[in-house]
Amino acid sequence: MTMTLTEQIVTIALCVLGTMLTRFLPFIIFSSSRPTPKFISYLGKALPSAIFAVLVVYCLKNVNILSYSFGIPELIAIAVTAGLHLWRRQMLFSIAGGTVCYMLLIQLVF
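Residues numbered from 1 in each chain as written. Predicted model: local features only at pLDDT ≥ 70, side-chain atom pairs only at ≥ 80, totals over all residues. Heavy atoms only, no water.

Trainee: If you had to explain the packing of helix 3 (residues 72-88) against helix 4 (residues 91-109) to someone new, which residues and values would you point to?
Mentor: Put simply, helix 3 and helix 4 touch, their axes get as near as 8 Å, and they point 155° apart. Looking at the two axes, helix 3 sits roughly antiparallel to helix 4. Judged by the twist between their axes, the crossing of helix 3 over helix 4 is right-handed. Every residue of helix 4 that contacts helix 3 at Pro73, Glu74, Ile76, Ala77, Val80, Thr81, Leu84, His85, Trp87 and Arg88 is listed here: Met91, Phe93, Ser94, Ile95, Gly97, Gly98, Cys101, Tyr102, Leu105 and Ile106. Looking at side-chain class alone, the contact of helix 3 with helix 4 contains 13 nonpolar, five polar and two charged residues. (Axes fitted to C-alpha atoms, helices over the stretch in contact; angles between N-to-C directions. Helix = DSSP H or I, 4+ residues; strand = E, 2+ residues; numbered from the N terminus. Parallel < 35°, antiparallel > 145°, perpendicular 65-115°, else oblique. Left-handed = near helix turned anticlockwise from the far one by under 90°. Contact = heavy atoms within 4.5 Å. Nonpolar A, V, L, I, M, F, W, Y, C, P; charged D, E, K, R; others polar.)

Structure below.
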């Protein structure tokens, strides 16, 4: 089933509107003329780690330690990710390095 041109235009417009709202709304609500509420500052510090923890749990939910590979590539990739992050302190570099390590392990080793 294909979308008509009008449906495509409306879909793109809604995506652009949603993206613009999520990008600009915090700057409108929390202007630089007044201090940011403490709760929002707390969320800004706590949520990145919490989201990363949820991603780790989600990625490991289907790992079967009783079948072949026994979760070894996943553990190695986690160790590489943690090591890279401790070394460079750059989240995207750590995630990319761990992902590349995992993909190489499952394609070439396991």
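The structure having been displayed, the exposition proceeds.
Trainee: Could you give me a rundown of helix 2 (residues 38-60), with the residues and numbers involved?
Mentor: Spacing of three or four residues puts side chains on the same side of an α-helix, whose turn is 3.6 residues. In a regular helix each residue adds 1.5 Å, so 23 residues correspond to 33 Å; helix 2 covers 34 Å between its end C-alpha atoms and thus fits that length. Residue alanine 46 marks the point of greatest curvature in helix 2, where the axis turns by about 35°; the proline proline 48 follows within four residues. (Expected span 1.5 Å × (residues − 1). Bend = angle between axes of the 7 residues up to and from the residue.)

Trainee: Would you mind going over the environment of leucine 47 in detail, with residue names and values included?
Mentor: In this fold, leucine 47 is placed in helix 2. Leucine 47 gets classed as partly exposed once you look at its relative accessible area, which sits at 40%. (Buried < 20%, exposed > 50% of the residue type's maximum accessible area, 1.4 Å probe, protein only.)

Trainee: Describe the packing of aromatic side chains, naming the residues involved and giving the relevant values.
Mentor: One pass over the full model with this rule turns up three aromatic pairs. With a centroid separation of 6.4 Å and 55° between ring planes, the pair formed by tyrosine 68 and phenylalanine 110 is classed as tilted. With a gap of 42 residues between them, tyrosine 68 in the loop between helix 2 and helix 3 and phenylalanine 110 in the segment after helix 4 connect regions that are remote in the sequence. Given the relative accessible area of 30%, phenylalanine 110 is considered partly exposed. Centroid distance tryptophan 87 to phenylalanine 93: 6.3 Å. Interplanar angle 55°. Geometry classified as tilted. By relative accessible area, phenylalanine 93 is classed as partly exposed at 34%. Here the aromatic residues Tyr68, Phe70 and Phe110 are joined through ring pairs into a cluster of three or more. Here the guanidinium or amino end of arginine 88 rests over the ring plane of tryptophan 87, the centre of that ring lying 5.1 Å away. Taking the ring centre of phenylalanine 93 as reference, the NZ or CZ of arginine 88 above it sits at 5.4 Å. (Phe/Tyr/Trp six-rings, centres within 6.5 Å; stacked < 30°, edge-to-face > 60°. Lys NZ or Arg CZ within 6 Å of the ring centre and 35° of its normal.)

Trainee: How would you explain the layout of surface pockets if you had to name every residue and give the values?
Mentor: If a probe as big as a water molecule is rolled over the atoms, it shows which places are left empty. Approximately 610 Å³ is the volume found for the largest pocket. Counting only elements with at least two residues in the lining of the largest pocket, the list comes to helix 2, helix 3 and helix 4. Among the residues forming the lining of the largest pocket, the class breakdown is 14 nonpolar, five polar and one charged. (1 Å grid on protein atoms, 1.4 Å probe; cavity = no way out; pocket = protein on both sides within 12 Å on 5 of 7 lines; lining within 4 Å. Points joined across faces, edges and corners; volume = space filled by probe spheres on them.)

Trainee: Before we move on, could you go through helix 3 and cite the residues and values that matter?
Mentor: Helix length check: helix 3, at 17 residues, gives a terminal C-alpha distance of 24 Å against a target of 24 Å (1.5 Å per residue), a fit within 8%. Turning to helix 3, its buried residues are Pro73, Glu74, Ala77, Thr81 and Leu84. The buried residues of helix 3 all sit within an arc of 100° when viewed along its axis, so they share a single face. For helix 3, the exposed residues set more than 90 degrees away from the buried face come down to Leu75, Leu86 and Trp87. Where the residues of helix 3 are buried, they touch helix 2 and helix 4. Within two residues after helix 3, arginine 89 carries a phi angle of roughly 60°, on the positive side. (Arc of directions from axis to C-beta.)

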